[in-house]
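Remarks on the overall topology
Residues per chain, in single letters:
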Amino acid sequence: MTIQLYNTLTRKKEEFIPLEAGKVKMYVCGPTVYNYIHIGNARPAIVFDTVRRYFEFRGFDVQYVSNFTDVDDKLIKAANQLGEDVPTIANRFIQAYFEDVSALGCKQADVHPRVTENMDIIIDFIATLIDKGFAYESEGDVYYRTRKFNGYGKLSHQSIDELKVGARIDVGEKKQDALDFALWKAAKEGEIAWESPWGLGRPGWHIECSAMAKKYLGETIDIHAGGQDLAFPHHENEIAQSEALTGKQFARYWMHNGYINIDNEKMSKSLGNFVLVHDIIKKHDPEVIRFFMLSVHYRNPINYSDELLENTKAALERLKTSYQNLKHRKEASTNLTDNNQGWLDKIHGLEAEFVREMDDDFNTANGISTLFELSKLANHYLIEKNTATEVIDAFTNLFEKLFAVLGLSLGAQELLDEEIEALIQERIQARKDRNFQRSDEIRDQLKEMNIILEDTPQGTRWKRG
Ligand SMILES: [Zn+2]
């Protein structure tokens, strides 16, 4: 079986055929770092991290590049408002981005290129477009000549005439045609700026992704991904820039994730329902947020609410409990071999089912349903009086494998000091009550979390191992 994925470019599910056998070159548009990321930015981070993990699970070597837009109008505005310079703000929010997405279980990209560190290749890219007649300079700005690019609109499936209706020339723009877009913007007085053949200025937004994808992944890449809102104009413009420059296809597959609503409303600053990841991970376990995002197919819209997160939390807990129960039973299990094959077949059958679902355009929603099947089967097996180590291992291995693909951990939560104290008090009471089973359970639980207990004449002491 091969992986099928929905390609926005063809509007079809297609078989994934890599440019180079066994490799995936993947570029995911990253954030503009002028603020903390909101829950809408968290979705592509989680979704495409999972796509990457799944490719790796299926034996591919993935090269994953995701950029930071560390200079643009929003950053300049933030710098003016806060009385700080652009690099200070950008560095602060790049740091915060890493903290937030790593809490959400996302691996770092192989490269996180920044605009300000790639100014030379961006300027070269623009200069070549001018040489080829696809761009022109106008009073210090440079614009892309959209009409010249045959096929503009092919990603968002719009004709140039349809696009013309919505196009306009904003105040201060010096372009020849309303459809043209900026590749380079002349600096205003006092703005952060770089030297270029067209005077002091900075790049437009779209050019950075074309230039950095080419530098780090090559002229043609396998997968270009991002939120649905980026398909037009950002990705459409990237195609126009890159394909005009190289004459080759830019990205073979385009993947876009769906929108997020908050309590059934569109998230917007004016509605005051802007949810920052930095805030919600203080209120909710970030792993629950990740599990929640993956419980809906990435192309479908997702509705976020505190209540839904609570339900998700309970569901994730059920899976983890199932796994913990298996682990606890392992010691009491034997080398019993009768009757194992039937169980092993069922377990392998569920692994195959998970792969089938994920091969079908990364259907994590159905993949998670398979995990619940696995949990049900495990609970059923644990009712058997005599359990076999071989079967228990097959269960726990599969749990571990599938959780890793989804970027979730099976380990118990790290306990806070007061939670450890409470467990120790409960253990003391259990011993007083001669409830040794409970007292041992607590000791084992703490041991698993690397908490070492020491019973002394002065009482029980503990330390982290
Ligand atoms: Zn981009």
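A short tour of the structure in this document, coming up. All of these numbers come straight from a predicted model, not from anything done at the bench.

**Section: the coordination of the zinc ion**
Protein coordination at the zinc ion: the donors are Cys29 (SG), Cys209 (SG), His234 (NE2) and Glu238 (OE), at 2.0 to 2.6 Å from the metal. Donor residues for the zinc ion, ordered by position in the chain, follow C-x179-C-x24-H-x3-E. With His234 and Glu238 both in helix H7 (residues 231-246) and 4 residues apart, the pair spans about one turn of that helix. Overall, the relative accessible area of 1% leaves His234 in the buried class. A relative accessible area of 0% means that Glu238 is categorised as buried.

**Here's the deal with the sheet that holds strand E6 (residues 141-144)**
Spatially, the 4 strands line up as an open sheet ordered E5-E6-E7-E8, and their pairing is antiparallel. Single-partner strands in this sheet number two, and they are strand E5 (135-138) and strand E8 (201-203). Averaged over all adjacent pairs, the angle separating strand axes in this sheet is 20 degrees, with direction ignored. Where E6 meets strand E7 (residues 181-186), 3 bridges bridge the pair, whose relative direction is antiparallel.

**Points about the sheet that holds strand E3 (residues 23-28)**
One open sheet accounts for 4 strands, arranged E4-E3-E9-E10; its pairing is parallel. Pairing within the sheet leaves two strands with one partner each, and these edge strands are strand E4 (61-66) and strand E10 (251-257). Ignoring strand direction, the axes of neighbouring strands in this sheet form an average angle of 20 degrees. In the sheet, E3 pairs with strand E9 (residues 221-227) via 3 bridges, with the strands oriented parallel.

**Some remarks on the nonpolar core**
One finds Ile39, Phe55, Leu129, Ile223 and Phe395 to be the most contacted residues of the largest nonpolar core, which totals 130 residues. Listed in part, the 7 residues of the second largest apolar core include Ile420, Ile424, Ile442 and Leu453.

**Details of the packing of helix H10 (residues 306-330) against helix H13 (residues 389-405)**
Interaxial distance between H10 and H13 falls to 10 Å at its minimum, and their mutual angle equals 145 degrees. The handedness of the crossing between H10 and H13 is left-handed. From H10, Leu316, Leu319, Lys320, Ser322, Tyr323, Leu326, Lys327, Arg329 and Lys330 reach across to H13, where they touch Thr389, Ile392, Asp393, Phe395, Thr396, Phe399, Glu400 and Phe403.

**Things to note about the side chain of Thr387**
Structurally, the position occupied by Thr387 is in the loop between helix H12 (364-382) and H13. We classify Thr387 as buried; its relative accessible area is 2%. Within the structure, the side chain of Thr387 is placed 2.8 Å from the side chain of Ser333, a separation counted as a polar contact. Dropping the residues within four chain positions of it, Thr387 is found in contact with Arg329, Ser333, Thr334, Leu336, Tyr381 and Ile392.

**Thoughts on the pattern of salt bridges**
Considering all chains together, one arrives at 31 salt bridges under this definition. The salt bridge involving Asp359 is made with Arg58; its shortest N-O contact spans 2.9 Å. Of this pair, Asp359 sits in helix H11 (residues 340-359) while Arg58 is found in the loop between helix H1 (39-57) and E4, placing the two residues 301 residues apart along the sequence. A residue is classified by how much of its surface remains accessible, and Arg58, at 28% relative accessible area, is partly exposed. Close ionic contact of Glu441 with Arg438 constitutes a salt bridge, the shortest N to O distance being 2.9 Å. With Glu441 and Arg438 both in helix H15 (residues 436-448) and 3 residues apart, the pair spans about one turn of that helix.

**Remarks on the environment of Asp73**
The topology assignment puts Asp73 in helix H2 (residues 73-82). When its relative accessible area of 41% is taken as the criterion, Asp73 is described as partly exposed. When sequence neighbours within four positions are dropped, the list of residues in contact with Asp73 reads Lys185 and Arg202. A polar contact of 3.3 Å, which involves the side chain of Asp73, links it to the side chain of Lys185. Engagement of the side chain of Asp73 in a polar contact is seen with the side chain of Arg202, the distance being 2.9 Å.

**Some remarks on the environment of Asn366**
Position of Asn366 relative to the elements: it lies in helix H12. Exposure remark for Asn366: the relative accessible area of 32% places this residue in the partly exposed category. There is a polar contact of 3.1 Å between the side chain of Asn366 and the side chain of Glu357.

**Brief notes about the packing of aromatic side chains**
Tallying each qualifying case throughout the model produces 22 aromatic pairs. The positively charged end of Lys148 is found above the aromatic ring belonging to Phe134, 5.1 Å away from the centroid. The ring of Trp343 is capped by Lys346, whose NZ or CZ atom sits 4.9 Å from the centre of that ring.

Analysis parameters
Residues numbered from 1 in each chain as written. Predicted model: local features only at pLDDT ≥ 70, side-chain atom pairs only at ≥ 80, totals over all residues. Heavy atoms only, no water. Donors = N, O, S within 2.8 Å, 3.2 Å for Na, K, Ca; no water. Helix = DSSP H or I, 4+ residues; strand = E, 2+ residues; numbered from the N terminus. Buried < 20%, exposed > 50% of the residue type's maximum accessible area, 1.4 Å probe, protein only. Pairing = 2+ DSSP bridges. Axes fitted to C-alpha atoms, helices over the stretch in contact; angles between N-to-C directions. Core = buried A, V, L, I, M, F, W, Y, C linked by side-chain atoms within 4.5 Å. Left-handed = near helix turned anticlockwise from the far one by under 90°. Contact = heavy atoms within 4.5 Å. Polar contact = N/O pair within 3.5 Å; in protein donor to acceptor, adjacent residues only side chain to side chain. Salt bridge = Lys/Arg side-chain N within 4 Å of Asp/Glu carboxyl O. Phe/Tyr/Trp six-rings, centres within 6.5 Å; stacked < 30°, edge-to-face > 60°. Lys NZ or Arg CZ within 6 Å of the ring centre and 35° of its normal.

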